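Architecture and fold: a report
These are the residues of each chain, in order.
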Amino acid sequence: VFVCDNLSFSGLIQIRRKHTRFAVRDLRQLTARAVGQLGERLVGMEARITAYRNLRLTDSRAHDLVIRATDCRAITPSQIPEVLAQWRNSAHAEFAPRNGWSLWNACTEAFKSVNPHTAIARCEALHGLFDGAAGVALAS
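Residues numbered from 1 in each chain as written. Predicted model: local features only at pLDDT ≥ 70, side-chain atom pairs only at ≥ 80, totals over all residues. Heavy atoms only, no water.

**Topic: the overall build of the protein chain**
To keep it simple, the criterion reads: Runs of E in the DSSP output that reach at least two residues are strands. Runs of H or I that reach at least four are helices, and both are numbered from the N terminus. Three labels apply to residues, based on accessible area from a 1.4 Å probe with only protein chains included: buried if under 20% of the type maximum, exposed if over 50%, partly exposed otherwise in between. Working rule for contacts: check all heavy atoms of both residues, and any pair within 4.5 Å makes them a contact. Only the protein chains shown count as cover for residues, and all accessible areas are computed by the Shrake-Rupley method using a 1.4 Å probe.
Per the secondary structure count, the protein chain includes five helices and two strands. Listing every helix and strand of the protein chain by position from the N terminus yields β-β-α-α-α-α-α. The buried share of the protein chain, taken over its 140 residues, is 41%. Restricting to contacts in the protein chain with at least 6 residues of sequence separation, those with at least 24 account for 65%. When the accessible area of the protein chain is evaluated, it comes to approximately 8,600 Å², of which 55% is carbon and sulfur surface.

Given below as structure tokens:
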């Protein structure tokens, strides 16, 4: 699980199994399989961030993505002013370049005001939007 300090959540691998009497027995194998997948998934995460950083945005395109973020319920209409304020003047110097990564972080700054369960769902929606905008195709 990746959790940024601005409450951007993303899960790389899930382990699912019914809680039968053999669940504890199988846990070691399931965990080992999940850990074995981490290297490939981390490369995918790095590719996603690189694609977001390479996504050059004009103010007009950024504003369009903010509205589309409300359409997919990644942010609420009341969060638009906060997102745009962060886009225009980020509180973090590393997000000063005007690109997809800085807009992504402007959106996730708004997640600080919501509960973590809501933030997870919104982050997934935001990834879907930005992956499409940046041309990212990650294996799930």
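Resuming the write-up.
**Section: the nonpolar core**
Condition: What is meant by a nonpolar core is a set of buried Ala, Val, Leu, Ile, Met, Phe, Trp, Tyr and Cys residues, joined one to another through side-chain atoms within 4.5 Å.
One finds Ile75, Val83, Leu103 and Leu126 to be the most contacted residues of the largest nonpolar core, which totals 32 residues. At the level of elements, α1 (23-54), α2 (59-71), α3 (80-88), α4 (100-109) and α5 (116-134) are the ones that each hand at least two residues to this core. Ignoring any residue separated from it by four or fewer positions in sequence, one finds Leu126 in contact with Ala69, Ala74, Trp104, Cys107, Thr108 and Phe111.

**Examining the packing of α2 against α5**
This is how the line gets drawn: Orientation is described by lines fitted to C-alpha atoms, with helices fitted over the stretch in contact, and by angles between N-to-C directions that extend from 0 to 180 degrees. Note on convention: the crossing is left-handed when the near helix lies turned anticlockwise from the far helix by less than a right angle, right-handed when the turn is clockwise.
Running from N to C, α2 and α5 cross one another at 145°; their axes reach a closest spacing of 10 Å. Crossing of α2 against α5: the hand is right-handed. From α2, Arg61, Leu65, Arg68 and Ala69 reach across to α5, where they touch Leu126, Leu129 and Ala133.

**Observations concerning the packing of aromatic side chains**
Formally: Put simply, two rings from Phe, Tyr or Trp (the six-membered ring, in Trp's case) pair if the centres are within 6.5 Å, and we call them stacked under 30 degrees between planes, edge-to-face over 60, tilted for the rest. The rule for a charge over a ring is simple: NZ of Lys or CZ of Arg within 6 Å of the ring centre, and within 35 degrees of the ring normal.
If you walk through the whole model with that rule in mind, you get four aromatic pairs. Aromatic side chains Tyr52 and Phe130 sit 5.6 Å apart centroid to centroid with 55° between the ring planes, which places their arrangement in the tilted category. Taken as a pair, Tyr52 in helix α1 and Phe130 in helix α5 lie far apart in primary sequence, 78 residues in all. You can call Phe130 buried: its relative accessible area is 0%. One aromatic cluster is present, built from ring pairs that chain together Tyr52, Trp101, Trp104 and Phe130. Taking NZ or CZ as reference, Arg98 lies 4.4 Å from the ring centre of Trp87, over its face.

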